[in-house]
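# Examining the three-dimensional arrangement
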Amino acid sequence: MKLYSTNDKNNIVDLKEAVLHSLPKDKGLYMPTAIKKLDDEFINNLHKYSFQEIAFKVAENLIGETIPKEDLKNIVEDSINFIAPVVTIEDKTHILELFHGPTLAFKDFGARFMARLMQYFLKDSNEKIKILVATSGDTGGAVAAGFYNIENIEVVILYPKGRVSKLQEKQLTTWGGNIKALEIDGNFDQCQALVKQAFLDPELNEKCNLSSANSINIARLIPQSFYYFEAYKQLTTDLPISFVVPSGNFGNMTAGLLAKKMGLPISKFIAATNKNDVFPKYLASGEYNPIQAYETLSNAMDIGNPSNFYRILDLYGSTWNNIKEEILGYSISDEETVETIVEVHNKLGYVLDPHTAVGYLGSKNYNHENEEKIILSTAHPIKFANEVADSINFSIPHPSSINTILKKEGHKTKLSSDFKALKDFILQ
Ligand SMILES: *Cc1c(COP(=O)(O)O)cnc(C)c1O
């Protein structure tokens, strides 16, 4: 597998370089030089394959000979060891539950796969890596869980003060060992900007081997394409199938676009955002205007400058007309989000988390009678129970796995949003 930079198609690297170092020096993003179509035999017979078998086929299609078959199989089977069921909640509306991993959010797919891929590439070298990751909530927890105790890798997590839930904070701060949690006095965009600045800092790069676990790293996107195939497999229908993706940094959406490029016959993508509506506005106007992120109930999507936007542009040859042909976008307010959670619970007996509720309402706005809509459910509702507690009058089912972590004591270091503070911390 070879990859180029979205800023320079002649800047080509192998997968190891892209995974271990995340970003090209020209500030672009890595994209595969070739995205091959899977054969029709496979696409038409998905029901014959288990989720792990599907994941391996898709991974092999993208990664090719770069990793020997047996090794890739182990990486895939080790990472994708939980289910992704499709639950039908009403006519032509289905929820793809991506929250059955260890931290109850879809980010477990990306983080587990990336950790094992990095471990594989570091195995025969003396290299040590420091991973910097900015999180709006779920990424950090999934990355901490995925990388805990992985040799030769230290993880530094930056999260915005007061903007992650209690459970999320526990999932960031209770590991110890090779996982360090930094509470930044700022918002998520500032955390992300700090991480970007660190990658461009010559002194830091000279002294430490820095990498990222945000969805700027291609290793996150590869496993996220697996479950589009798995979801498709689970629906038996003659109607076209569209996917609704609650979106923030648009990694999940980009992975879906890769799945489509590999031959999965997806009709449309519906990008559902909260108040941070940069992408729906782009679809409407053709103009991309990043903003300072607003704070919302669906805080993992509080992103004003989605980093995968340039990958989407790249996939469509930067042609707005082609993009808006295949992707629709809707922005949903917090009031609508809460109303939706209550309504869906009362009418359909299903509990949505705020991110999935944004997706559900996005599917209603799209309102295509003759299509099946699969909404990606990105988090278990318990992760955001505190945020919605005052607005709902029912209790959210409580998976037993979270009791242990809630009792643990967390450890964090508080830093300002000043780059020097971060730099000193990393160097020390
Ligand atoms: C990260 C996250 C999102 C947004 O995913 P992107 O790939 O950044 O668009 C949505 N919901 C939840 C719960 C998340 O953690």
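These lines cover the structure that appears in this document, whether it is placed above or below. All values reported here derive from a predicted model rather than from experimental measurement. (Residues numbered from 1 in each chain as written. Predicted model: local features only at pLDDT ≥ 70, side-chain atom pairs only at ≥ 80, totals over all residues. Heavy atoms only, no water.)

### A short note on the pattern of salt bridges
Inspection of the entire model under this criterion finds 18 salt bridges. A salt bridge links Glu326 to Lys260, with the shortest nitrogen-to-oxygen separation between them at 3.5 Å. Of this pair, Glu326 sits in helix H14 (residues 320–326) while Lys260 sits in helix H11 (residues 251–261); the two residues are 66 residues apart in sequence, bridging distant segments of the chain. The exposure class of Glu326 is partly exposed, given its relative accessible area of 23%. Among the salt bridges present, the one from Lys420 reaches Asp424, with a minimum N-O distance of 2.9 Å. Taken together, the positions of Lys420 and Asp424, both in helix H19 (residues 419–427) and four residues apart, correspond to about one turn of that helix. (Salt bridge = Lys/Arg side-chain N within 4 Å of Asp/Glu carboxyl O. Helix = DSSP H or I, 4+ residues; strand = E, 2+ residues; numbered from the N terminus. Buried < 20%, exposed > 50% of the residue type's maximum accessible area, 1.4 Å probe, protein only.)

### Here's the deal with the sheet that holds strand S2 (residues 8–14)
Strand order in the open sheet made by the three strands is S2-S1-S3, with antiparallel pairing throughout. Edge strands, defined here as strands with exactly one partner in the open sheet, are S2 and strand S3 (30–32). Sheet twist, expressed as the mean angle between neighbouring strand axes with direction ignored, is 40°. In terms of strand pairing, strand S1 (residues 2–5) meets S2 through four bridges, oriented antiparallel. What sits directly across from Leu3, in S2, is Val13. (Pairing = 2+ DSSP bridges. Axes fitted to C-alpha atoms, helices over the stretch in contact; angles between N-to-C directions.)

### Considerations on the site of the ligand
Every one of the 15 residues lining the ligand counts as a neighbour, but Lys107, Asp138, Gly248, Asn249 and Thr378 are closest to it. At a separation of 2.5 Å, an oxygen atom of the ligand approaches a polar side-chain atom of Lys107. A distance of 2.8 Å is found between a nitrogen atom of the ligand and a side-chain nitrogen or oxygen belonging to Thr378. Protein burial of the ligand: of its 380 Å² of free accessible surface, 98% is covered by the chains. Taken together, the residues that form the shell around the ligand break down as six nonpolar, seven polar and two charged. (Near = heavy atom within 4 Å. Polar contact = N/O pair within 3.5 Å; in protein donor to acceptor, adjacent residues only side chain to side chain. Areas by Shrake-Rupley, 256 points an atom, 1.4 Å probe, with all protein chains shown as cover. Nonpolar A, V, L, I, M, F, W, Y, C, P; charged D, E, K, R; others polar.)

### So, helix H15 (residues 334–348)
When the terminal C-alpha atoms of H15 are compared, their 21 Å separation across 15 residues agrees well with the 21 Å that a helix rising 1.5 Å per residue should span. The inward-facing, buried residues of H15 contact strand S4 (86–90), helix H16 (354–366) and helix H17 (385–388). Once H15 ends, the next one or two residues include Gly349, with phi positive near 65°. (Expected span 1.5 Å × (residues − 1). Contact = heavy atoms within 4.5 Å.)

### Considering the sheet that holds strand S7 (residues 153–160)
If you walk across this open sheet you meet the five strands as S9-S6-S7-S8-S14, and the pairing is parallel. A single partner strand is all that each edge strand has here, and the edge strands are strand S9 (210–212) and strand S14 (413–416). Between one strand axis and the next, the sheet turns by 30° as a mean value, whatever way the strands run. Relative to S9, helix H5 (residues 107–122) is tilted by about 150°, and along the sheet it contacts strand S6 (129–134), S7 and S9. Across the sheet, helix H8 (residues 188–200) is in contact with S6, S7, strand S8 (179–185) and S9; its angle to S6 comes to roughly 155°.

### So, the side chain of Asn187
Within the fold, Asn187 resides in the loop between S8 and H8. For Asn187, a relative accessible area of 8% translates into the label buried. In contact with Asn187, not counting residues within four places along its chain, are Pro160, Arg163, Gln292 and Ala293.

### Considerations on the pairing of S7
If a strand is regular, its side chains alternate between the two faces of the sheet. Among the eight residues in S7, seven count as buried, and that is most of the element. Inspection of the sheet shows S6 paired to S7 by six bridges, in the parallel sense. Considered in S7, the bridge of Lys130 is made with Glu154. Since S6 and S7 lie parallel, the crossover through helix H6 (residues 138–147) that links them has a hand, and here it is right-handed. Where S7 meets S8, six bridges bridge the pair, whose relative direction is parallel. Residue Pro160 lies in a different strand from S8, and its bridge partner there is Ile184. (Right-handed = clockwise from strand over helix to strand, strands pointing away.)

### A look at the packing of aromatic side chains
This model, assessed by the stated rule, comprises 18 aromatic pairs. Centre to centre, the rings of Tyr227 and Tyr228 are 5.7 Å apart; their planes meet at 25°, and the pair counts as stacked. On the basis of an interplanar angle of 5° and a centroid distance of 3.7 Å, the ring pair of Tyr288 and Phe309 is categorised as stacked. Highlighted residues: Tyr288 in the loop between helix H12 (278–285) and helix H13 (309–315) and Phe309 in helix H13, separated in sequence by 21 residues. Accessibility assignment for this pair places Tyr288 and Phe309 in one class, buried. An aromatic cluster is present here, built from Phe51, Phe82, Phe109, Tyr227, Tyr228, Phe243 and Phe269 joined pairwise through their rings. One residue, Lys275, lies across the ring of Tyr294, its end atom 4.0 Å from the ring centre. Looking at Lys324, its charged tip hangs above the ring of Trp320, at a distance of 4.5 Å from the centre. (Phe/Tyr/Trp six-rings, centres within 6.5 Å; stacked < 30°, edge-to-face > 60°. Lys NZ or Arg CZ within 6 Å of the ring centre and 35° of its normal.)

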